[in-house]
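Working through the structure, step by step
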Amino acid sequence: MSSILLLTSSPRPDSLSTKIATELADKIKANNPGKTLVHRDLAADNLPHIDGPFTAAIRTPVDARTPEQQELVKVSDALVDELLAADTVVIGTGLINFNIYSSLKTWIDNIARAGRTFTYTETGPKGLATGKKAYIVLASGGVYSEGPAAPLNHAVPYLKSVLAFIGITEVETVYVEGVAFGPEAAEKAVGAAQARASELALAA
């Protein structure tokens, strides 16, 4: 494994989560020239939502799947392969209705696969996507990393739970927050996030 998987999910062309996540991934790559960088723009990809036929297909043994079922899981298989090939995952999302973008949720639904990224054991589920480090970049108009609004931040706890479930327990978070409090506050938030990203990239 020697690749960085960059996942951006905001549909906004001026997205700060995309900006900082991309800068972080680029800095990690610059400090590790041997790594390749794979960028998946989830807002543009229009990944398929899971449905009944897809669920039936992934529960069917690979050698027993019909051609139609093989086609249904093809995108999901590619996404899982992409994730498993990476040793670094950078995730960028805005805080939308107190959680992540639906495009990122769809990616999660496609990569959370029993037998591939996790398995069931006698003692409970066990993650299979181990040996990776993840970075979450969360942009928000308000301040949700601490203070009275922190309980409304469901994005970071959810992402950390999902990542841990599939075996990724080393996770760092970069907040770009308070950007709705005026130009000066936004500039300060971006500067702080860029400094944090540089610090994390040096340590990567």
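Residues numbered from 1 in each chain as written. Predicted model: local features only at pLDDT ≥ 70, side-chain atom pairs only at ≥ 80, totals over all residues. Heavy atoms only, no water.

Now for the sheet that holds strand E3 (residues 86–94). Strands belonging to one sheet form pairs held by backbone hydrogen bonds; the direction of such a pair is parallel or antiparallel. Spatially, 5 strands are ordered E2-E1-E3-E6-E7 in an open sheet, and the strand pairing comes out parallel. Each end of this open sheet is capped by a strand with a single partner; those strands are strand E2 (36–41) and strand E7 (170–177). Between one strand and the next, the sheet's axes are offset by a mean angle of 15 degrees, whatever the strand orientation. Sheet analysis places E3 next to strand E6 (residues 133–140), joined by 7 bridges and oriented parallel. (Pairing = 2+ DSSP bridges. Helix = DSSP H or I, 4+ residues; strand = E, 2+ residues; numbered from the N terminus. Axes fitted to C-alpha atoms, helices over the stretch in contact; angles between N-to-C directions.)

This paragraph deals with the environment of Ile100. On the secondary structure map, Ile100 appears in the loop between E3 and helix H6 (102–111). Sequence separation of Ile100 and Leu159 is 59 residues, and the distance between their C-alpha atoms is 8.5 Å. Ignoring sequence-local partners within four residues, the contact set of Ile100 consists of Thr93, Gly94, Lys105, Ile108, Ala155, Tyr158 and Leu159. (Contact = heavy atoms within 4.5 Å.)

This part takes up the pairing of E7. Note: E6 against E7, 8 bridges, orientation parallel. Along E7, the bridge assignment pairs Val137 with Val174. Regarding topology, helix H7 (residues 155–165) serves as the crossover connection from E6 to the parallel E7, and that connection is right-handed. (Right-handed = clockwise from strand over helix to strand, strands pointing away.)

What follows deals with H6. The element H6 is extensively covered by neighbouring structure, given that 7 of its 10 residues are classed as buried. Within the span of H6, buried status applies to Ser103, Leu104, Thr106, Trp107, Ile108, Asn110 and Ile111. (Buried < 20%, exposed > 50% of the residue type's maximum accessible area, 1.4 Å probe, protein only.)

With that settled, consider the pattern of salt bridges. Under the defined criterion, the tally for this structure stands at 14 salt bridges. Between Arg12 and Asp14 there is a salt bridge, with the nearest N and O atoms lying 3.5 Å from each other. Across the pair Lys74 and Glu71 runs a salt bridge, and its minimum N-O distance is 3.1 Å. Owing to a relative accessible area of 48%, Glu71 belongs among the partly exposed residues under this scheme. Counted as one network, the salt bridges with shared partners bring together Lys133, Glu170, Glu172, Arg196 and Glu199. (Salt bridge = Lys/Arg side-chain N within 4 Å of Asp/Glu carboxyl O.)

A few words on the nonpolar core. Among the nonpolar cores identified, the biggest contains 30 residues, and Leu83 and Trp107 are the most heavily contacted of them. Broken down by secondary-structure element, the contributors of at least two residues to this core are strand E1 (3–8), helix H5 (74–85), E3, H6, E6 and H7. Setting aside residues no more than four positions away along its own chain, Trp107 makes contact with Leu5, Leu7, Arg40, Leu42, Leu47, Leu79 and Leu83. Listed in part, the 18 residues of the second largest apolar core include Val174, Val176, Leu200 and Ala201. (Core = buried A, V, L, I, M, F, W, Y, C linked by side-chain atoms within 4.5 Å.)

Looking now at the environment of Ala197. Assignment of secondary structure puts Ala197 in helix H8 (residues 183–203). Overall, the relative accessible area of 1% leaves Ala197 in the buried class. Once the C-alpha coordinates of Ala197 and Val174 are considered, the two residues, 23 residues apart in sequence, prove to be 6.9 Å apart. Excluding residues within four positions of it along the chain, Ala197 makes contact with Ile20 and Leu24.

In this section: the packing of aromatic side chains. Here the structure, examined in full by the defined rule, presents 3 aromatic pairs. Seen in terms of ring centroids, Phe118 and Phe165 are 4.7 Å apart; in terms of plane orientation they differ by 55 degrees. Their pairing is tilted. Placement of the pair is Phe118 in strand E4 (residues 118–121) and Phe165 in helix H7, with a sequence separation of 47 residues. By relative accessible area, which is 6% here, Phe118 ends up buried. You can call Phe165 partly exposed: its relative accessible area is 34%. Put simply, the rings of Phe118, Tyr120 and Phe165 pair up and form one aromatic cluster. (Phe/Tyr/Trp six-rings, centres within 6.5 Å; stacked < 30°, edge-to-face > 60°.)

Glancing now at the environment of Glu122. In this structure, Glu122 sits in the loop between E4 and strand E5 (124–127). Separated by 76 residues in sequence, Glu122 and Asn46 place their C-alpha atoms 36 Å apart.

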